Amino acid sequence: MEIAMSMLVPPPPVLGQKMSPTWPDPRFLAFLGQRRSTPIALLAEPGPDSGETGALLRLAARVPDHGKLFPWRFLVFAGAARARFGEVLAARWLALVPDAPPEILAAERARFLRAPLVVGVVSRSVSGTKIPEWEQQLSAGAVCFNLLLAAQAMGYAGVWLTEWYAYDDGIAQALGLAAGERIAGFIHIGTARDAPPERERPDMGKLVHVWPET
Ligand SMILES: Cc1cc2nc3c(=O)[nH]c(=O)nc-3n(C[C@H](O)[C@H](O)[C@H](O)COP(=O)(O)O)c2cc1C
């Protein structure tokens, strides 16, 4: 899949160009107030095409990033590449669990077929800078969430998964991750078969501490 940059979203602003610091939008607030992921079992075709994918990645990359290091990069799996990566997953699983039953290996082969588009967000912390690694990793997390938001705003549904293969050295090698690179998430994007249910949300009273004024 060639990633094309589409004009679906406005072109990036000119460097240094000013804009209003606020963008009041009740619809966006309502969206955030309802926002949720779509369980992987509810994802189906169609997914973003090449142009939409290019636009999504460009939007996802507009995140806070201390030091302008861009401490992340993307791995795109679409079309037949998803089944090819499934073969890699199954082979690795068999190496880890030599007596793995055929149905488990079949599930590994089909792992990336659950969504039409899977984007791996790689956290690539830059060394030799005064920006703490933690902050660089947080920026990669912001990319993951921004990608989810952009996908939903484009009419798609998605979910941020890691699963076992995000933490496996053999898979990291197969993906070509360099030393210091880690998977922040595999963002699965497609069309929702059904309305995603709400899940439990935190009791904010237990999580918020207001610092006393006196
Ligand atoms: C870093 C990260 C990794 C995650 N990995 C998984 C996973 O491997 N499997 C899973 O079922 N959910 C995983 N989740 C949870 C889902 O992405 C999602 O957060 C949850 O289903 C509901 O989130 P929502 O608030 O967007 O609805 C992960 C979340 C994060 C932030």
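Residues numbered from 1 in each chain as written. Predicted model: local features only at pLDDT ≥ 70, side-chain atom pairs only at ≥ 80, totals over all residues. Heavy atoms only, no water.

### What to know about the packing of helix H2 (residues 50-60) against helix H5 (residues 133-153)
Okay, so step 1: Interhelical geometry of H2 versus H5 gives an angle of 135° and a closest axis separation of 8 Å. When the axes of H2 and H5 are compared, the pair comes out oblique. The two elements H2 and H5 cross, and the hand of that crossing is right-handed. Of the residues in H5, those touching H2 at Leu56, Leu57, Leu59 and Ala60 are Val143, Asn146, Leu147, Ala150 and Ala151.
Okay, so step 2: Partitioned by chemical class, the residues of the contact of H2 with H5 number eight nonpolar, one polar and no charged. (Axes fitted to C-alpha atoms, helices over the stretch in contact; angles between N-to-C directions. Helix = DSSP H or I, 4+ residues; strand = E, 2+ residues; numbered from the N terminus. Parallel < 35°, antiparallel > 145°, perpendicular 65-115°, else oblique. Left-handed = near helix turned anticlockwise from the far one by under 90°. Contact = heavy atoms within 4.5 Å. Nonpolar A, V, L, I, M, F, W, Y, C, P; charged D, E, K, R; others polar.)

### Focus on the site of the ligand
Okay, so step 1: Around the ligand, a shell composed of Arg35, Arg36, Ser37, Val159, Trp160, Leu161, Thr162, Glu163, Arg199 and Arg201 is seen.
Okay, so step 2: Between the ligand and Arg201 there is a distance of 2.7 Å, counted from an oxygen atom to a side-chain nitrogen or oxygen.
Okay, so step 3: Burial of the ligand by the protein amounts to 58% of the accessible area it has alone, namely 630 Å².
Okay, so step 4: Among the residues making up the shell around the ligand, the classes are represented as three nonpolar, two polar and five charged. (Near = heavy atom within 4 Å. Polar contact = N/O pair within 3.5 Å; in protein donor to acceptor, adjacent residues only side chain to side chain. Areas by Shrake-Rupley, 256 points an atom, 1.4 Å probe, with all protein chains shown as cover.)

### Describing unusual backbone geometry
Okay, so step 1: Following Glu45, the chain continues into Pro46 via a peptide bond in cis, with omega recorded as -5°.
Okay, so step 2: Position of Pro46 relative to the elements: it lies in the loop between strand S1 (43-44) and H2.
Okay, so step 3: The backbone of Lys68 sits at a positive phi, close to 50°, despite the residue not being glycine.
Okay, so step 4: Assignment of secondary structure puts Lys68 in the loop between H2 and strand S2 (72-78).
Okay, so step 5: The backbone phi angle of Glu163 is positive, close to 55°, even though this residue is not glycine.
Okay, so step 6: When you line up the elements, Glu163 lands in the loop between strand S4 (157-161) and helix H6 (169-174).

### A closer look at the pairing of strand S3 (residues 117-124)
Okay, so step 1: Counting buried positions over the eight residues of S3 gives seven, a clear majority of the element.
Okay, so step 2: Examined bridge by bridge, S2 and S3 share seven bridges and lie antiparallel to one another. Residue pairing across strands places Phe77 opposite Val118, the latter belonging to S3.
Okay, so step 3: Strand direction decides the pairing type here: S3 and strand S5 (residues 181-192), joined by eight bridges, are antiparallel. Residue pairing across strands places Ser123 opposite Arg182, the latter belonging to S5. (Buried < 20%, exposed > 50% of the residue type's maximum accessible area, 1.4 Å probe, protein only. Pairing = 2+ DSSP bridges.)

### Topic: the nonpolar core
Okay, so step 1: Val121, Leu147, Ile187 and Ile189 are the most contacted members of the largest nonpolar core, which has 20 residues in total.
Okay, so step 2: Of all the secondary-structure elements, those providing two or more residues to this core are H2, S2, S3, H5 and S5.
Okay, so step 3: A total of seven residues in this core trace back to one element, the largest contributor, which is H5.
Okay, so step 4: In contact with Ile189, not counting residues within four places along its chain, are Leu43, Pro48, Leu56, Ala115, Pro116, Leu117, Leu147, Ala151, Tyr156, Ala157 and Gly158. (Core = buried A, V, L, I, M, F, W, Y, C linked by side-chain atoms within 4.5 Å.)

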